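What the coordinates show
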Amino acid sequence: GESVGLHLPTLSVQEGDNSIINCAYSNSASDYFIWYKQESGKGPQFIIDIRSNMDKRQGQRVTVLLNKTVKHLSLQIAATQPGDSAVYFCAENTDFTGTASKLTFGTGTRLQVTL
Amino acid sequence: EPEVTQTPSHQVTQMGQEVILRCVPISNHLYFYWYRQILGQKVEFLVSFYNNEISEKSEIFDDQFSVERPDGSNFTLKIRSTKLEDSAMYFCASRPRQGASEETQYFGPGTRLLVL
């Protein structure tokens, strides 16, 4: 049967506030990072990415920060909306130029937006 | 906007039976992947596929698993003799091509496999 699921860390924010979701990655050789959003029963949905030669990248309402010194990644969501409620995963890629380019996913953080 | 599609959305099977999970990657993509997610856990890499051959596979992807691209549009994952622990959500993903701005993998909606 299925294993008991891990207890996901949960971030609860009020609608309109900013959210910051953090991720510690494992491999110092990782050169590409992605944030995915996963709603219940759906596949991971691309939000934003960043390469290791950058420390910040902005999208629409989202910003990703990369600190390679401490192997830390964060996702900032401005003016959080109810539709942002989901589980957020960071993923790292350790084969940037290769043909495999597999992603290693973090555990995930559940974002709950309260009204 | 082009999407990765997967069929079926749900599959229930008996232990020991063979299952084939199907995916249609985005049409101009060249790299294909299978991942799985056991309920409540993180997404795990299974296999990557490029130029009609496996590029890399994880420890999970043992001899019971195989992948195939039988035509120009479909990408399949076969589990020959399912076990209870194969119960999971299986995601297909595709990526355009190797290059500076083409690393992003786009995921399908998944197939939920339940082995009884």
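Everything here concerns the structure above.
Computed from a prediction, not measured in an experiment: that's the story for all the values here. (Residues numbered from 1 in each chain as written. Chains lettered and ligands numbered in written order. Predicted model: local features only at pLDDT ≥ 70, side-chain atom pairs only at ≥ 80, totals over all residues. Heavy atoms only, no water.)

**Some words on the state of the cysteines**
Residues and elements named next belong to chain A. Applying the stated criterion across every chain, the model contains 2 disulfides over all chains. Two residues share a disulfide in this structure: Cys 23 and Cys 90, whose sulfurs sit 1.6 Å from each other. Of this pair, Cys 23 sits in strand S2 (residues 19-24) while Cys 90 sits in strand S8 (residues 86-93), placing them 67 residues apart in sequence. Exposure remark for Cys 90: the relative accessible area of 7% places this residue in the buried category. (Disulfide = S-S within 2.5 Å. Helix = DSSP H or I, 4+ residues; strand = E, 2+ residues; numbered from the N terminus. Buried < 20%, exposed > 50% of the residue type's maximum accessible area, 1.4 Å probe, protein only.)

**Side note on the sheet that holds strand S5 (residues 56-58) of chain A**
Within a sheet, each strand pairs with its neighbour through backbone hydrogen bonds, oriented either parallel or antiparallel. All names here are of chain A. The 4 strands are arranged S2-S7-S6-S5 in an open sheet whose pairing can be described as antiparallel. Only two strands of the sheet have a single neighbouring strand rather than two, namely S2 and S5. Across the sheet, the axes of successive neighbouring strands diverge by a mean angle of 15°, strand direction being ignored. As judged from the 6 bridges shared by S2 and strand S7 (residues 72-77), these two strands associate in the antiparallel manner. Residue pairing in the sheet places Cys 23 in a bridge with Leu 73 of S7. (Pairing = 2+ DSSP bridges. Axes fitted to C-alpha atoms, helices over the stretch in contact; angles between N-to-C directions.)

Fair warning: the whole summary comes from geometry, so function is off the table for now.
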